[in-house]
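Notes for the structure review
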Amino acid sequence: MKGIILAGGAGTRLYPASRPISKILLPVYDKPMIYYPLSVLMQAGIRDILIITTPEDSSNFKKLLGDGSNWGIKLSYKAQLVKRGIADAFLLGEEFIGQDSCALILGDNLFYGNGFERLLKAACLRKTGATVFAYEVANPQRFGVVEFDENHRALSLEEKPAQPKSRFAVTGLYFYDNNVVKYAKELKPSKRGELEITDLNKRYLEEGNLHVTTLERGFAWLDTGTHESVLQAANFVHSMQVNQGIEIACLEEIALHNEFITPQELKVQLVNQPNNIYYNFVRELVKEK
């Protein structure tokens, strides 16, 4: 399975902070925002990842992440010249996807919860159809909303409905079989002039091939698109890390856990890293291994 991170967009809701740099590179507590979605794909076991950026920000992403070899993964980059909606990622990534299935995550989404890796890998193992993740929110009018029947099967999907049929929002994490490129090509632009991801998911729903996994209580999903939500996410990460002595979205830890790299390879890398809380945490991991 391939992975795509959609890290384009102007980030105007975060101006002036995001005017000189992509919002996906802004810090969420102690890490750049993109570490969080990248960590999700790595937890799923995905090692071949395309990052879609704006043309002006591509060099900054490459400077931060390189080719991914530090974590035993392969990163490539593509610029989105015109903002045409989330589903445009599959048109831009057609050659990258090839004959594989594909996961897409939005660059400003943060997920955390016990058992999340198991859910991710289960989604990867599905050979046909699509898998999306639903999360109960207080303001479903802001999101794509999924309606369930009494057996918790998806009945309908609506994009930012004025009168939502449920409080379950579809998060910015999607898993698709290889039909996704063909279906994306058949989408018609919405009134906003964009290829809507909800319309793509509806196609799978109409064919009976949409699986919806509900993230239960105890999970956290944060869409860091506003100053308030970035602050909320930073406070959440800080609280969890300080109270539990962990590092959320530590790419080195995930790479070790999934055996993408060896402890010895990581030990060599750490020689050139500073003494700070993040890298000292990683040094302790290497000692334990």
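Structural data are supplied above this passage.
Right, let's walk through the structure included here. (Residues numbered from 1 in each chain as written. Predicted model: local features only at pLDDT ≥ 70, side-chain atom pairs only at ≥ 80, totals over all residues. Heavy atoms only, no water.)

Some points on the overall build of the chain
- The helix and strand tally for the chain stands at eleven helices and 13 strands.
- Taken over C-alpha atoms, the radius of gyration comes to 19 Å for the chain, in line with the 19 Å a tight globule of 289 residues would show.
- Projected onto its principal axes, the C-alpha coordinates of the chain cover approximately 55 × 40 × 40 Å.
- For the chain, buried positions account for 54% of its 289 residues.
- Summarising the internal contacts of the chain: among those between residues at least 6 apart in sequence, 74% fall at separations of at least 24.
- Accessible surface, the chain: about 14100 Å² in total, of which carbon and sulfur atoms supply 49%.
- When the 33 positive and 34 negative side-chain charges of the chain are each reduced to one mean point, those points stand 2 Å apart. (Helix = DSSP H or I, 4+ residues; strand = E, 2+ residues; numbered from the N terminus. Rg over C-alpha atoms; globule rule 2.2 N^0.38 Å. Buried < 20%, exposed > 50% of the residue type's maximum accessible area, 1.4 Å probe, protein only. Contact = heavy atoms within 4.5 Å. Areas by Shrake-Rupley, 256 points an atom, 1.4 Å probe, with all protein chains shown as cover. Lys, Arg positive; Asp, Glu negative; His and termini not counted. Charge placed at Lys NZ, Arg CZ, Asp CG, Glu CD.)

As for helix H7 (residues 197-206)
- Among the residues of H7, Ile 197, Thr 198, Leu 200, Asn 201, Tyr 204 and Leu 205 are the ones counted as buried. Here the buried residues of H7 occupy an arc of 160 degrees about the axis, which is enough to place them on one side. (Arc of directions from axis to C-beta.)

Describing the environment of Pro 37
- Structurally, Pro 37 can be placed in helix H1 (residues 35-43).
- Put simply, Pro 37 and Lys 121 are 84 residues apart on the chain and 15 Å apart in space, counted from C-alpha to C-alpha.
- Once residues lying within four places of it in the same chain are set aside, the contact partners of Pro 37 are Ile 5, Ile 105, Leu 106, Gly 107 and Asn 109.

Quick look at the side chain of Gln 241
- Turning to its location among the elements, Gln 241 is positioned in helix H8 (residues 227-244).
- Judged by its relative accessible area of 6%, Gln 241 is buried.
- In terms of polar contacts, Gln 241 uses its side chain to reach the backbone amide nitrogen of Ile 248, at 3.0 Å. (Polar contact = N/O pair within 3.5 Å; in protein donor to acceptor, adjacent residues only side chain to side chain.)

Observations concerning the packing of aromatic side chains
- Tallying each qualifying case throughout the model produces 15 aromatic pairs.
- A ring pair is formed by Tyr 35 and Trp 71, whose centres lie 6.2 Å apart and whose planes are at 80 degrees; its orientation type is edge-to-face. Of this pair, Tyr 35 sits in helix H1 while Trp 71 sits in the loop between helix H2 (58-65) and strand S5 (74-79), and the two are 36 residues apart along the sequence. Residue Tyr 35 shares its accessibility class with Trp 71, and that shared class is buried.
- On the numbers, 6.0 Å between centres and 65 degrees between planes, the contact of Tyr 112 with Phe 236 is edge-to-face. Taken as a pair, Tyr 112 in strand S7 (residues 109-112) and Phe 236 in helix H8 lie far apart in primary sequence, 124 residues in all.
- Site record: aromatic cluster; members linked through ring pairs are Phe 90, Tyr 174, Tyr 176, Tyr 183 and Tyr 204.
- Stacked on the ring of Phe 96, the Lys or Arg Lys 2 has its end atom at 4.9 Å from the ring centre. (Phe/Tyr/Trp six-rings, centres within 6.5 Å; stacked < 30°, edge-to-face > 60°. Lys NZ or Arg CZ within 6 Å of the ring centre and 35° of its normal.)

Topic: the pattern of salt bridges
- Enumeration over the complete set of coordinates arrives at 13 salt bridges.
- In this structure, Glu 194 and Arg 192 form a salt bridge, with 3.4 Å as the shortest nitrogen-oxygen distance.
- Salt bridges sharing partners connect three or more residues here, namely Asp 30, Lys 31 and Glu 247. (Salt bridge = Lys/Arg side-chain N within 4 Å of Asp/Glu carboxyl O.)

Thoughts on the pairing of strand S10 (residues 154-159)
- Where strand S9 (residues 144-148) meets S10, five bridges bridge the pair, whose relative direction is antiparallel. If you follow Val 145 over to S10, its bridge partner there is Glu 158.
- Taking the residues that link successive antiparallel strands as the turn, the S9-S10 hairpin has five residues, and the phi of His 152 there is positive, at about 60 degrees. (Pairing = 2+ DSSP bridges.)

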